[in-house]
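Fold and contact review
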Amino acid sequence: LFVLTMVAYWTQYFHFDWQKLFESRKTEGRATIEPPVPIEVTDKNGEKKIDSLFHHEVHWDDFSQRSYSGEYNTTLGQYEQSNRMHNALANVDPRGDARTYWSSIYQSLARNDQTKLDSIVGYFQTQRDSLQLNPMETAQAVVTFIQEIPYYLLHDGTCEQAMSSGNDFISHYHSEGKPCLAGVVAGLQSPYEFVHNLKGDCDTRSVLCHTILTKLGIPSSVWVSEVYGHSIIGLGVAAS
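Residues numbered from 1 in each chain as written. Predicted model: local features only at pLDDT ≥ 70, side-chain atom pairs only at ≥ 80, totals over all residues. Heavy atoms only, no water.

Next up on the list: the packing of aromatic side chains. Counted under the stated rule, the structure contains 11 aromatic pairs. Ring geometry for W60 and F124: centres 6.1 Å apart, planes at 55°, overall tilted. Taken together, the positions of W60 in strand β3 (residues 48–61) and F124 in helix α5 (residues 118–131) put the pair 64 residues apart, joining distant regions of the chain. This pair shows no difference in class: W60 is buried, exactly as F124 is. With a centroid separation of 6.4 Å and an interplanar angle of 85°, the aromatic rings of Y151 and F169 are classed as edge-to-face. You can see Y151 sitting in the loop between α6 (135–147) and β5 (153–154) and its partner F169 sitting in helix α8 (residues 168–175), a full 18 residues away along the chain. Exposure remark for Y151: the relative accessible area of 30% places this residue in the partly exposed category. Taking the relative accessible area as the measure of exposure, F169 reaches 45% and is therefore partly exposed. One aromatic cluster in this structure is built from W60, Y68, Y123, F124 and F145. Between K116 and the ring centre of Y192, over which it is positioned, the NZ or CZ distance is 5.1 Å. (Phe/Tyr/Trp six-rings, centres within 6.5 Å; stacked < 30°, edge-to-face > 60°. Helix = DSSP H or I, 4+ residues; strand = E, 2+ residues; numbered from the N terminus. Buried < 20%, exposed > 50% of the residue type's maximum accessible area, 1.4 Å probe, protein only. Lys NZ or Arg CZ within 6 Å of the ring centre and 35° of its normal.)

On to the environment of P135, then. The topology assignment puts P135 in helix α6. C-alpha of P135 to C-alpha of A238: the two residues are 103 residues apart in sequence and 8.1 Å apart in space. Once you skip the residues sitting within four places of it in the chain, P135 turns out to touch I218 and V237. (Contact = heavy atoms within 4.5 Å.)

With that settled, the discussion passes to the pairing of strand β7 (residues 220–225). The two faces of a sheet get side chains in turn, since along a regular strand they alternate between them. Taken together, the 6 bridges between β7 and strand β8 (residues 230–235) define a ladder with antiparallel strand orientation. The partner of V222 across the bridge, within β8, is I233. Counted between consecutive antiparallel strands, the loop separating β7 from β8 contains 4 residues, among which G229 sits at a positive phi close to 60°. (Pairing = 2+ DSSP bridges.)

Interaxial distance between α6 and helix α10 (residues 202–215) falls to 10 Å at its minimum, and their mutual angle equals 150°. Classified by the angle their axes make, α6 and α10 are roughly antiparallel. The element α6 and its partner α10 pack so that their crossing is right-handed. Along the contact surface, α6 presents A139, V142, V143, F145, I146 and Q147, while α10 presents R205, L208, C209, I212 and L213. Grouping the constituent residues of the contact of α6 with α10 by class yields 9 nonpolar, 1 polar and 1 charged. (Axes fitted to C-alpha atoms, helices over the stretch in contact; angles between N-to-C directions. Parallel < 35°, antiparallel > 145°, perpendicular 65-115°, else oblique. Left-handed = near helix turned anticlockwise from the far one by under 90°. Nonpolar A, V, L, I, M, F, W, Y, C, P; charged D, E, K, R; others polar.)

Structure, rendered in structure tokens:
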């Protein structure tokens with residue numbers, strides 16, 4: 001209620017047409033991954049080995065109908081490193097203060113993966129400079145990039161267990177046969193895991209967005225609701 005009240009206040013104060021903003025978005029889903037190709041890499045011990053390179057393309061429009069076309073690569077080796085670090089967080093005790101727990105999880109995932117996102121961050125820096133985007137417009141480009149990736153529900157248990165959790169959204173989601181990924185520690189992927197396999201729901205998306213925006217120098221935070229089992233990204237930029 002507090003968040004909704006503040007949004008209503010900001011809307012009146014800045015005379016910002018939020019309804020028009022969100023109605024202008026086009027259909028999601030223009031994100032693709034090409035079949036992997038083998039590449040030779042050198043590990044930290046100086047030994048050469050074969051890795052797999054994945055090429056990604058995402059095409060999207062922001063809230064102002066600017067069109068973007070971004071390409072980036074990920075590797076299986078980097079993904080597996082992020083996945084190992086992520087799985088180690090299963091040892092973090094989820095009992096106690098929820099804010100402390102989720103802050104620890106989010107910060108650990110973002111910190112581990114931040115340098116792996118340099119090429120994606122570099123793309124947005126180039127767009128910001130060439131199009132002369134202000135912080136709000138730059139943030140919109142990042143947010144809509146992430147929105148373009150199809151939604152994929154993640155669970156720390158099985159998908160069947162999640163269906164019987166009593167959460168209306170989850171039950172309705174699965175009743176429509178939509179995809180899910182089971183056995184994911186804390187029910188979210190790290191930023192690099194997400195940009196690699198394009199499977200993520202609200203907090204996975206929010207943490208990726210926060211990580212990119214932080215590297216772009218745009219203030220942001222991840223907001224979590226225990227009541228609704230949902231998370232969103234908060235931006236510290238002017239709304240007009």
